[in-house]
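# Coordinates in review
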Amino acid sequence: MEYENVTRKEAEIEKTINIKRLIGKRVLSDGGAIVGSISEIRLNPNGFDLEGIVVSSAVGAVYVGKSYFSTISDHSVILNTELSLLVKGRKVLTIDGKTLGSVKKVNRKGTTNEIESLFVGSFWKKYLIPVSVVKQIASSVLIKAKYNDAKEYLWKRSKQDPNV
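Since this is a predicted model, take the numbers as computed values, not measurements.

### Some details on unusual backbone geometry
- The backbone of phenylalanine 48 sits at a positive phi, close to 60 degrees, despite the residue not being glycine.
- Within the secondary structure, phenylalanine 48 is located in the loop between strand S2 (34-43) and strand S3 (50-57).

### Points about the packing of aromatic side chains
- One pass over the structure, following the stated rule, counts one aromatic pair.
- Consider the rings of phenylalanine 123 and tryptophan 124, whose centres lie 4.7 Å apart with planes at 90 degrees: the pair is edge-to-face.
- Looking at phenylalanine 123, the relative accessible area reads 60%, which means it is exposed.
- A relative accessible area of 45% means that tryptophan 124 is categorised as partly exposed.

### Some words on the environment of serine 37
- Take serine 37: it is sitting in strand S2.
- Sequence spacing of serine 37 and valine 77 is 40 residues, and the spatial spacing of their C-alpha atoms is 9.1 Å.
- In this structure serine 37 touches Gly24, Lys25, Arg26, Val27, Val54, Val55 and Ser56, once residues within four positions along its chain are discounted.

### Section: the layout of surface pockets
- Taken as a whole, the largest pocket holds about 290 Å³ of empty space.
- Around the largest pocket sit Met1, Tyr3, Ile13, Glu14, Lys15, Thr16, Ile17, Asn18, Arg21 and Asp74, which together line it.
- The residue inventory of the lining of the largest pocket, partitioned by class, reads four nonpolar, two polar and four charged.
- Estimates place the volume of the second largest pocket at around 240 Å³.

### Focus on the pairing of S3
- With seven bridges connecting them, S2 and S3 associate as antiparallel partners. Bridging across to S3, glycine 36 finds its partner in serine 57.
- If you look at the hairpin formed by S2 and S3, you'll find six residues sitting between the two strands, and phenylalanine 48 has a positive phi there, around 60 degrees.
- Taken together, the six bridges between S3 and strand S4 (residues 60-65) define a ladder with antiparallel strand orientation. Looking at S4, one finds that valine 55 is bridged to valine 62.

### A word on the pattern of salt bridges
- Per the stated rule, a full pass over the model turns up two salt bridges.
- The closest approach of N and O atoms between arginine 42 and glutamate 40, which form a salt bridge, is 2.8 Å.
- For arginine 42, a relative accessible area of 43% corresponds to the partly exposed category.
- Look at glutamate 40 and you get partly exposed, because its relative accessible area is 34%.
- Here glutamate 114 and lysine 109 are joined by a salt bridge, their closest N and O atoms 3.6 Å apart.

### Notes on the environment of glycine 31
- By secondary structure assignment, the location of glycine 31 is in the loop between strand S1 (26-28) and S2.
- Overall, the relative accessible area of 62% leaves glycine 31 in the exposed class.
- Residues glycine 31 and asparagine 80 lie 49 residues apart in sequence; the distance between their C-alpha atoms is 8.7 Å.

### What to know about a negative patch on the surface
- Taken together, Glu2, Glu4, Glu12 and Glu14 make up a surface patch of like negative charges.
- Turning to its location among the elements, glutamate 12 is positioned in the segment before S1.

### What to know about a nonpolar patch on the surface
- Residues Met1, Tyr3 and Ile13 make up a contiguous nonpolar surface patch of about 370 Å² in total accessible area.
- Looking at the element boundaries, isoleucine 13 is found in the segment before S1.

Definitions and limits used
Residues numbered from 1 in each chain as written. Predicted model: local features only at pLDDT ≥ 70, side-chain atom pairs only at ≥ 80, totals over all residues. Heavy atoms only, no water. Helix = DSSP H or I, 4+ residues; strand = E, 2+ residues; numbered from the N terminus. Phe/Tyr/Trp six-rings, centres within 6.5 Å; stacked < 30°, edge-to-face > 60°. Buried < 20%, exposed > 50% of the residue type's maximum accessible area, 1.4 Å probe, protein only. Contact = heavy atoms within 4.5 Å. 1 Å grid on protein atoms, 1.4 Å probe; cavity = no way out; pocket = protein on both sides within 12 Å on 5 of 7 lines; lining within 4 Å. Points joined across faces, edges and corners; volume = space filled by probe spheres on them. Nonpolar A, V, L, I, M, F, W, Y, C, P; charged D, E, K, R; others polar. Pairing = 2+ DSSP bridges. Salt bridge = Lys/Arg side-chain N within 4 Å of Asp/Glu carboxyl O. Patch = residues over 30% accessible without salt bridge, like charges linked within 9 Å, V, L, I, M, F, W, Y side chains within 5 Å. Areas by Shrake-Rupley, 256 points an atom, 1.4 Å probe, with all protein chains shown as cover. Lys, Arg positive; Asp, Glu negative; His and termini not counted. Charge placed at Lys NZ, Arg CZ, Asp CG, Glu CD.

Printed below as a string of structure tokens:
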């Protein structure tokens, strides 16, 4: 389609992206994992600037702010990070190979992508693991070898902690 341009300082139409076509496109993490697909694009009503996107993912709808974008193209949005929310469900292992369970909940610092702690559970035990003892997060979560925090057993649940 041929367009007539009416602009002052804005980019020419050929150098822009049609946001309507981004709906349904993939969102990828910086490691190449598929996070989900774009269901909404959110603009600031005052400056009309792109503020973020809503991603339909395995954990539900996730609003991702533009500060976490690396690249936007006609085909996808690539993030500059791995989303901490997607750690939920991953197996948690100690460095010596012992399985503690799987991540049941990710506790973040406010609304940022930074992890504060992980709530880990198996059938009989529950752990609240601070991020300071996490060695690596990849396809599973690796905990430092000397980690041996107090365990909560199913029959000794603490009533004060709403995560247990």
